Amino acid sequence: DFSKAMSQAGTSQFQEVIRQELEYSMKVELDKILSTAPSNELEHTKKDLEGFKKLFHRFLQEKGPSVDWGKIQRPPEDSIQPYEKIKARGLPDNIASVLNKLVVVKLNGGLGTSMGCKGPKSLIGVRNENTFLDLTVQQIEHLNKSYNTDVPLVLMNSFNTDEDTKKILQKYSHSRVKIYTFNQSRYPRINKETLLPIAKDVSYSGENTECWYPPGHGDIYASFYNSGLMDSLIAEGKEYIFVSNIDNLGATVDLYILNHLMNPPNGKRCEFVMEVTNKTRADVKGGTLTQYENKLRLVEIAQVPKAHVDEFKSVSKFKIFNTNNLWIALSAIKRLQEKNAIDMEIIVNPKTLDGGLNVIQLETAVGAAIKSFENSLGINVPRSRFLPVKTTSDLLLVMSNLYSLNAGSLTMSEKREFPTVPLVKLGSSFTKVQDYLRRFESIPDMLELDHLTVSGDVTFGKNVSLKGTVIIIANHGDRIDIPAGAVLENKIVSGNLRILDH
């Protein structure tokens, strides 16, 4: 036993030496990169690289899944409130003064590459020529006009989206919404083998674009604080931010949740509220809220030990998942940021670059910080508050007559009998937005649709109606044109346009 203990001590000592060497090598490389920064970028680059160094240090310390499965418990009953209960409290007469304490923050760092678009995802047209950004501005403008308030919009851009977004913002200069932006950090990608940065200098254009990455939305706390914008909003009397992904069209300002935050029934304000919603089969991988060491904690699938992944995905044990619609007290972010006390698990995101080089990105997620805040709460909201557009299949749903658009907000049509959306799977010929738009002369009537699968070279004529379960499969080399005015109800359409009953 003694020799075993000695060898274990030796191993951990050896690991510690390696860790220190890696940290030292990283510091040397980062100093070299910093020395190439022009004087006007020096301070900013320094902050970014300091933040990265902290993350890298933690990455070297942590091993294996970051949760002890035995400690995970179901959250206590009162820690996740049903939305109906919060809505039932109604609204006070002075809702305008409550609204004036709110800032809407949209996470706008992503590009539209997964949908075959160049530039920021927020500039993709989603409905009647309106982009994600247009709809967001319309929603907030509608609030400000209706209640005579001054709710600002803040966009967290990344170095990928900043320039294009700022150009487009001029078009809103006459709208009744103050729009601010700040940039999230820019971190160096590291070589998977050597664990050293692949960047040799600070530039991030041309062949260097692949050397850098925005480190996930968990970076919001540090970069919002460092930008100085947070302090000026606090000075204006703003108290809460409502944070959500810009591509979640269901994430509109909810007055009932806001009122619950500002006027809590028990007199004790929450510093952090996470909107969760019930899982469907499509969401089994979504992060879930658990009780862990007497705190609410967000657990993501990547943190789960392999032996427990199936249990994590089980809808009976973990019924809800995080929508990434979050309400957070500004004063709490400031306090925790100044104490360096925001704790988020590191997400290791492996990527293969165009040239075949394997790299890793170290990221964090905004919701993971819930355990650092006091008096956190989950609110189980209706599914309608989670309407993300990640693919053209999602885009087809939001463009269709399943939804009506009013003041930038999409609501499910009253003509639809079921409150759930149909399951839509469009094949690879529809992945890119341009190809997708070319294949629909007009968006089909989908009010009575349950399930649609389309595969291969398929186009839709005008005024097509889809009902029940519709499966359309064009075999390799074949093309199927669904004729204008066609009504397909429970049909399978195959290879050479034979239409069969489903």
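Parameters at a glance
Residues numbered from 1 in each chain as written. Predicted model: local features only at pLDDT ≥ 70, side-chain atom pairs only at ≥ 80, totals over all residues. Heavy atoms only, no water. Helix = DSSP H or I, 4+ residues; strand = E, 2+ residues; numbered from the N terminus. Buried < 20%, exposed > 50% of the residue type's maximum accessible area, 1.4 Å probe, protein only. Salt bridge = Lys/Arg side-chain N within 4 Å of Asp/Glu carboxyl O. UniProt positions renumbered as here; feature names shortened; annotations may be inferred. Contact = heavy atoms within 4.5 Å. Domains from an automatic or database assignment. Polar contact = N/O pair within 3.5 Å; in protein donor to acceptor, adjacent residues only side chain to side chain. Phe/Tyr/Trp six-rings, centres within 6.5 Å; stacked < 30°, edge-to-face > 60°. Lys NZ or Arg CZ within 6 Å of the ring centre and 35° of its normal.

This part covers the environment of Glu 489. When you line up the elements, Glu 489 lands in strand β25 (residues 487-494). What makes Glu 489 partly exposed here is its relative accessible area of 42%. Linking Glu 489 and Thr 469, residues 20 residues apart in sequence, is a C-alpha distance of 6.8 Å.

What follows deals with the pattern of salt bridges. This model, assessed by the stated rule, comprises 26 salt bridges. The partner of Lys 32 in a salt bridge is Glu 29, and the shortest N-O contact between them spans 3.3 Å. Residue Lys 32 and its partner Glu 29 are located together in helix α1 (residues 2-34), separated by 3 residues, close to a single helical turn. With a relative accessible area of 47%, Lys 32 lands in the partly exposed category. A salt bridge links Glu 345 to Arg 297, with the shortest nitrogen-to-oxygen separation between them at 2.9 Å. Within this pair, whereas Glu 345 is found in the loop between α11 (330-338) and β15 (347-352), its partner Arg 297 is found in strand β13 (residues 295-299), the two being separated by 48 residues in sequence. What makes Glu 345 buried here is its relative accessible area of 9%. Connected through salt bridges with shared partners, the residues Arg 58, Arg 297, Asp 343, Glu 345 and Lys 371 form a single ionic network.

This part covers the UniProt feature "binding site: substrate" (unreviewed entry) in the chain. The UniProt record marks His 217 with the feature "binding site: substrate" (unreviewed entry), using the residue numbering of this structure. Residues in contact with His 217, not counting those within four places in the same chain, are Leu 107, Met 156, Asn 245, Asn 324, Thr 364, Ala 365 and Val 366.

For the chain, the domain assignment lists domain 1 (69-385) and domain 2 (392-494). One C-alpha centre belongs to domain 1, the other to domain 2, and the line joining them spans 30 Å. Taken together, the contact pairs 16 residues of domain 1 with 16 residues of domain 2. Linking domain 1 to domain 2 there are 0 salt bridges. One can count 5 residue pairs in polar contact (both at pLDDT 80 or more) joining domain 1 with domain 2. Contributing elements (two or more residues each) for the side of domain 1 that touches domain 2: β3 (125-127) and α5 (132-147). With 4 residues, the single largest contributor to the side of domain 1 that touches domain 2 is α5.

This part covers the packing of aromatic side chains. On inspection of all chains with the given rule, the structure shows 15 aromatic pairs. Relative to Trp 327, the ring of Phe 242 lies with its centre 4.2 Å away and its plane at 25 degrees, an arrangement referred to as stacked. Linking Phe 242 in strand β10 (residues 240-245) with Trp 327 in strand β14 (residues 320-329), this pair joins segments that are 85 residues apart in sequence. Comparing Phe 242 with Trp 327 shows no difference in burial state: the two are buried. Feature note: the residues Phe 52, Phe 56, Phe 59, Tyr 187 and Tyr 213 constitute an aromatic cluster, connected by ring pairs. The side chain of Lys 279 reaches across the aromatic face of Phe 312, ending 5.2 Å from its centre. One Lys or Arg, Arg 439, reaches over the ring of Phe 430 and ends 5.4 Å from the middle of that ring.

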